[in-house]
Amino acid sequence: MKIFSADQIRAWDAYTISHEPISSLDLMERAATALTDWLLRTGLARRDGHILCGMGNNGGDGLVVARLLHQAGYPCHVWIVRHAEKASADFEANLARYRHLAGVTWVEEAMEIPSDTLVIDALLGSGLNRCAAGPLAEVIRAVNASGSTVVSIDIASGLFADRPNQPDDAIIEPAYTVGFQVPKPAFLQPGNARFVGRWQVLDIGLDRRYEKQTPASRYFTDSQSLPSLRNRAVFANKGNFGHALLIAGSYGKVGAAVLASRACLRSGVGLLTVHVPECGYSVLQTAVPEAMCLADEHPKMITGVPDLSSYTAIGVGPGLGKAQETVRMLDELLLKLGGKPAVFDADALNILADNPEWLTRLPKNSILTPHPKEFTRLLGRTWADDYEKLDLLRAFCKRYSVVTVLKGQHTIVATPEGELHFNSTGNPGMATGGTGDVLTGILTALLAQGPPPADAAILGVYRHGEAGDRAAARKGEPALIAGDLPEFLHW
Ligand SMILES: NC(=O)C1=CN([C@@H]2O[C@H](COP(=O)(O)OP(=O)(O)OC[C@H]3O[C@@H](n4cnc5c(N)ncnc54)[C@H](O)[C@@H]3O)[C@@H](O)[C@H]2O)[C@@H](O)CC1
Ligand SMILES: Nc1ncnc2c1ncn2[C@@H]1O[C@H](COP(=O)(O)OP(=O)(O)O)[C@@H](O)[C@H]1O
Ligand SMILES: [K+]
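Residues numbered from 1 in each chain as written. Chains lettered and ligands numbered in written order. Predicted model: local features only at pLDDT ≥ 70, side-chain atom pairs only at ≥ 80, totals over all residues. Heavy atoms only, no water.

- In the nomenclature of an unreviewed UniProt entry, the protein chain is known as Bifunctional NAD(P)H-hydrate repair enzyme of Siphonobacter aquaeclarae.
- UniProt's Subunit (unreviewed entry) comment on the protein chain is quoted here verbatim: "Homotetramer." (UniProt positions renumbered as here; feature names shortened; annotations may be inferred.)

Observations concerning the site of ligand 2
In step 1: Around ligand 2 sit 17 residues in total, of which Lys407, Gly408, Thr411, Gly434 and Gly436 are the nearest.
In step 2: Note that an oxygen atom of ligand 2 is positioned 2.8 Å from one of the backbone N or O atoms of Gly434.
In step 3: With respect to ligand 2, the side chain of Thr435 contributes an N or O atom lying 3.2 Å from an oxygen atom.
In step 4: Taking 580 Å² as the accessible area of ligand 2 by itself, protein coverage stands at 78%.
In step 5: The greatest single-element share of the shell around ligand 2, amounting to 3 residues, is contributed by helix H14 (residues 435–448).
In step 6: Of the residues belonging to the shell around ligand 2, the class tally is 3 nonpolar, 12 polar and 2 charged. (Near = heavy atom within 4 Å. Polar contact = N/O pair within 3.5 Å; in protein donor to acceptor, adjacent residues only side chain to side chain. Areas by Shrake-Rupley, 256 points an atom, 1.4 Å probe, with all protein chains shown as cover. Helix = DSSP H or I, 4+ residues; strand = E, 2+ residues; numbered from the N terminus. Nonpolar A, V, L, I, M, F, W, Y, C, P; charged D, E, K, R; others polar.)

Some details on the packing of aromatic side chains
In step 1: Going through the model one piece at a time under the given rule, you end up with 11 aromatic pairs.
In step 2: An aromatic cluster of at least three residues, connected via ring pairs, comprises Phe4, Trp12, Tyr15 and Tyr210.
In step 3: For the cation-ring pair, Arg163 lies above Phe160, with the distance from its terminal atom to the ring centre recorded as 3.8 Å.
In step 4: The side chain of Arg232 reaches across the aromatic face of Phe241, ending 3.7 Å from its centre. (Phe/Tyr/Trp six-rings, centres within 6.5 Å; stacked < 30°, edge-to-face > 60°. Lys NZ or Arg CZ within 6 Å of the ring centre and 35° of its normal.)

Focus: the coordination of the potassium ion (ligand 3)
In step 1: Within the protein, the potassium ion (ligand 3) binds to Asn58 (OD1), Asp121 (O), Leu124 (O), Ile153 (O), Ile155 (O) and Ser157 (OG); these donor distances fall in the range 2.6 to 3.1 Å.
In step 2: Coordination at the potassium ion (ligand 3) is irregular, judged from the 6 donor atoms that bind it and the angles of 64 to 175° they form at the metal.
In step 3: Spacing between the donor residues of the potassium ion (ligand 3) along the chain follows N-x62-D-x2-L-x28-I-x1-I-x1-S. With Asp121 in strand E4 (residues 118–122) and Ser157 in the loop between strand E5 (149–153) and strand E6 (176–180), the pair connects residues that are 36 residues apart, well separated along the chain.
In step 4: Judged by its relative accessible area of 0%, Ser157 falls in the buried class. (Donors = N, O, S within 2.8 Å, 3.2 Å for Na, K, Ca; no water. Tetrahedral: all angles 85-135°; square planar, octahedral: opposite > 155°, others 65-115°. Buried < 20%, exposed > 50% of the residue type's maximum accessible area, 1.4 Å probe, protein only.)

Things to note about the domain arrangement of the protein chain
In step 1: Here the protein chain is described as being made up of domain 1 (6–212) and domain 2 (238–488).
In step 2: Between the C-alpha centres of domain 1 and domain 2 there is a distance of 42 Å.
In step 3: Across the contact, 13 residues belong to domain 1 and 7 residues belong to domain 2.
In step 4: For the pair domain 1 and domain 2, the summed buried surface comes to about 720 Å²; carbon and sulfur atoms form 61% of the total.
In step 5: The largest share of the area that domain 1 buries against domain 2 comes from Pro164, Leu188 and Gln189, three residues that together contribute 66% of it.
In step 6: Where domain 1 packs against domain 2, one counts 0 salt bridges. (Domains from an automatic or database assignment. Contact = heavy atoms within 4.5 Å. Buried area = accessible area lost by both parts, 1.4 Å probe. Salt bridge = Lys/Arg side-chain N within 4 Å of Asp/Glu carboxyl O.)

A closer look at the site of ligand 1
In step 1: In the vicinity of ligand 1, 22 residues are found, and the nearest of them are Asn58, Asp61, Gly125, Arg130 and Asp154.
In step 2: A distance of 2.8 Å is found between an oxygen atom of ligand 1 and a backbone nitrogen or oxygen belonging to Asn57.
In step 3: With respect to ligand 1, the backbone of Cys131 contributes an N or O atom lying 3.2 Å from a nitrogen atom.
In step 4: Alone, ligand 1 offers 870 Å² of accessible surface; in the complex the protein occludes 84% of this.
In step 5: Contributions of two or more residues to the shell around ligand 1 are made by helix H2 (24–42) and helix H3 (57–71).
In step 6: Counting residues per element, the shell around ligand 1 draws most heavily on H2, which supplies 4 residues.
In step 7: Its residues assigned to classes, the shell around ligand 1 shows 9 nonpolar, 9 polar and 4 charged.

A look at the side chain of Lys389
In step 1: By secondary structure assignment, the location of Lys389 is in helix H13 (residues 386–400).
In step 2: Lys389 sits in the buried class, given a relative accessible area of 7%.
In step 3: Contacts of Lys389, omitting those with residues within four sequence positions, involve Pro190, Trp383 and Leu406.

Written out as structure tokens, the structure reads:
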């Protein structure tokens, strides 16, 4: 699914209005009807709730929701904050319609909000063009202080859809954000967690032709937009699915090699060889009998690179450590890789960060899988906000011609062409040691089977999160451990 900017979404509304065709008033009715149905379906609707409206179309949505809830037997208090000289036409039309049913209260300062009620936030939507100030800011702060359950329509009032806010901006902190059609960039930024809550988007029937014909550089990966794994032909043999080599583990961290290996084998690879320090040999042969094992001559760390000619993809990094001998091994690996597809993770990334001049030696389209800390090390700097992080990520991928998987809640797959793919699966239960090693195993297996690296990364990241979601559903988030993930992979 494409992710559009606030301007593009506005243009999409306009396209639908002129091509369906539908009046803007009827489109507002459709959006607010979908939202009211959601409130009724989830059981959040209640009598005596508070609906807070601004004077734009977001406020117009609020007035339609007020009317529909009233008609459904849930009359609410409607407050309108006077923040402008003039209201939007659709707001005015819906104010007139609502007034047939009940009154509204205009305010120019914060009102009393009870602590145990439902607040529907329709103050400001995607039309926000400066930070909320004056009475709007007062009302926003009063809502946040009330402790009520807040549902924001379209986006939390005060939150910019596609650019950073300042730390002191007045922004609603909702329990839920209910947006329309597609997620807004703001929903996906870790720094906005407080201002988004649990979010979802409702289909309001915006014209699909606009989505098809409008270019985007940001995507949301859901089950509908996944690259697929090649079908396994009936007469296939193991030679058809690649031979992966994992280079992983050091004394005390052989588990990382085991986790990556199990995940690799559960991701369709034909053959797997794992290169571990000598101390990991019997561990690996016992824990993962399906894998072949090469023992390094060093008892505790990996110091050498095997002959790479028979491998179709290489994964390096989990549990490696950063001993001098291992640093030399990575240098040798970069020399020997040629153009082979490869995944670099964990200490392989930390070694690259210590030797940034090696980044230009990475094979084109290599996959790098840093978490944010590792990414700051690779960059040699940090970022001022989530949006700058995305700019830096794009520039990094372009400069080194690599695919970068920036891990987190919505893991981002960034391509050398400048596309950003935000993942939709995964949960906080996965914030536990070793889940990244599992991802490396998955990605190495997929690369070995030959798809374009960006597709392998998008698909692998999605399935990794999905396995985490299945594991969490079965065991509960706190009980989830990395070893569960390979068992819950399903292709
Ligand atoms: N017909 C349509 O195009 C649809 C629009 N929809 C709703 O329309 C909303 C966007 O409507 P608008 O473009 O009217 O935008 P808003 O409802 O966000 O209001 C913008 C108005 O407030 C002013 N404003 C912006 N920032 C302000 C600030 N900090 N302090 C005071 N005033 C400020 C603007 O100048 C403008 O007059 C969406 O968020 C969505 O809720 C939905 O009804 C779906 C269909
Ligand atoms: N809150 C979260 N929501 C979704 N996924 C998460 C969350 N926290 C962590 N993850 C996922 O778990 C994995 C953690 O990887 P990483 O930090 O490398 O762990 P490790 O180094 O212990 O293997 C990543 O794929 C990340 O996307
Ligand atoms: K809002």
